[in-house]
Amino acid sequence: RRPPATMVVKTEKCAFSEYNVYPGHGMRMVRRDGQPVTLGGSKTKSMMLQRMKPSKLQWTQGWRRLNKKMQVDTTVKKRTRKTTKFQRAIVGASLEDLKKKKTQKPHERSAQREAALREVKERNKAKKAASKKSEGGAKGKAFQKTKGFGKGATGGKQR
């Protein structure tokens, strides 16, 4: 034998008190903005027309919720997986080079940096010296272009 089927009753929530309104009970009111509102009875209609706040009246669900009188479904925070760090090689540096740099002591790193800076300075000095040699007989000061102001201005409209 089959168990008796349970009847499904379509209930609506009262717009004011938030209690269930069963078929054949309550009333429907259309707000000025055209929104149909279901009310539980004359008491809720009266309170709504008086513009009472449901959260100020103890018998409404809104007040009970605000004053923690009922169990509110709290959503359990979804646990997120912790991201794992993964190191990849960068263009111009292999993974082994990166690991070596990471394990270096700070004083070794600073010494290496200073050596690199010294080398760059020496290279620049050598370049300057080479360019001075090649210039040799040329005049010291080259023609300086101005923005149209001062004595060396060129172009512009003649009056």
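Before reading further, recall that the structure is shown in the block above.
The structure reproduced in this document is the subject of the present report. Each chain has its residues counted from 1, running along the sequence as written. For this predicted model, a pLDDT threshold of at least 70 governs which residues receive local features, and a threshold of 80 or more governs which side-chain atom pairs are given and counted, while totals over whole chains, interfaces and linings are taken from all residues. Each side-chain value is derived from all of the structure's non-hydrogen atoms; neither hydrogens nor water enter the calculation.

## Section: the overall build of the chain
And then number 1: Numbering of helices and strands runs from the N terminus, with a helix taken as a DSSP run of H or I at least four residues long and a strand as a DSSP run of E at least two residues long. The secondary structure content of the chain amounts to four helices and four strands.
And then number 2: When its helices and strands are written in sequence order, the chain yields β-β-β-β-α-α-α-α.
And then number 3: Accessible area is worked out with a 1.4 Å probe on protein chains only. A residue is then buried under 20% of its type maximum, exposed over 50%, and partly exposed in between. A burial count over the chain gives 11% of its 159 residues as buried.
And then number 4: Contact criterion: two residues are considered in contact whenever any of their non-hydrogen atoms come within 4.5 Å of each other. Intrachain contacts of the chain at a sequence separation of at least 6 include 25% that bridge at least 24 residues.
And then number 5: For the area figures, the Shrake-Rupley method with a 1.4 Å probe applies, and any residue is considered shielded solely by the protein chains shown. Taken as a whole, the chain presents about 16,000 Å² of accessible surface, with 53% of it coming from carbon and sulfur.

## Focus on the packing of aromatic side chains
And then number 1: Pairing of aromatic rings covers Phe, Tyr and Trp, the last counted by its six-membered ring, and requires centre-to-centre distances within 6.5 Å; plane angles under 30 degrees mean stacked, over 60 mean edge-to-face, and any other angle means tilted. For the structure on display, the rule yields one aromatic pair.
And then number 2: Relative to Trp-59, the ring of Phe-16 lies with its centre 6.1 Å away and its plane at 40 degrees, an arrangement referred to as tilted. Taken together, the positions of Phe-16 in the loop between strand 1 (12-13) and strand 2 (20-21) and Trp-59 in the loop between helix 1 (42-49) and helix 2 (61-66) put the pair 43 residues apart, joining distant regions of the chain.
And then number 3: Here Phe-16 falls in the buried class, since its relative accessible area comes to 3%.
And then number 4: Charge-over-ring contacts are defined here by two conditions on Lys NZ or Arg CZ: a distance within 6 Å of the ring centre and an angle within 35 degrees of the ring normal. One residue, Lys-43, lies across the ring of Trp-59, its end atom 4.1 Å from the ring centre.

## Remarks on the environment of Pro-36
And then number 1: Here Pro-36 is to be found in strand 4 (residues 36-39).
And then number 2: Classification of Pro-36 by relative accessible area gives partly exposed; the value is 46%.
And then number 3: Along the sequence, Pro-36 and Ala-15 sit 21 residues apart, while their C-alpha atoms lie 9.7 Å from each other.
And then number 4: Non-local contacts of Pro-36, meaning those with residues more than four positions away in its chain, are made with Met-29 and Val-30.

## Some points on the side chain of Gln-61
And then number 1: Mapped onto the elements of the fold, Gln-61 is located in helix 2.
And then number 2: With a relative accessible area of 15%, Gln-61 lands in the buried category.
And then number 3: Once residues within four sequence positions are removed from consideration, Gln-61 is found in contact with Ser-17, Glu-18, Tyr-19 and Met-70.

## Some thoughts on unusual backbone geometry
And then number 1: The phi torsion at Arg-51 lies on the positive side, around 55 degrees, for a residue other than glycine.
And then number 2: By secondary structure assignment, the location of Arg-51 is in the loop between helix 1 and helix 2.
And then number 3: For Arg-51, a relative accessible area of 70% translates into the label exposed.
And then number 4: Phi is positive for Lys-68, which is not a glycine, with a value near 55 degrees.
And then number 5: Assessed through its relative accessible area of 71%, Lys-68 is described here as exposed.

## Considering the pairing of strand 3 (residues 27-30)
And then number 1: Here strand 3 pairs with strand 4 via four bridges, running antiparallel. Its bridge partner lying in strand 4, Arg-28 is registered against Thr-38.
And then number 2: Counted between consecutive antiparallel strands, the loop separating strand 3 from strand 4 contains five residues, among which Gly-34 sits at a positive phi close to 90 degrees. The pairing criterion is simple: DSSP has to find at least two bridges between the two strands.

## Some details on the environment of Lys-45
And then number 1: In this structure, Lys-45 sits in helix 1.
And then number 2: A sequence separation of 19 residues divides Lys-45 from Gly-26, and the C-alpha atoms of the two residues are 9.4 Å apart.
And then number 3: Not counting residues up to four positions away in its chain, the partners in contact with Lys-45 are Met-27, Met-29 and Leu-39.

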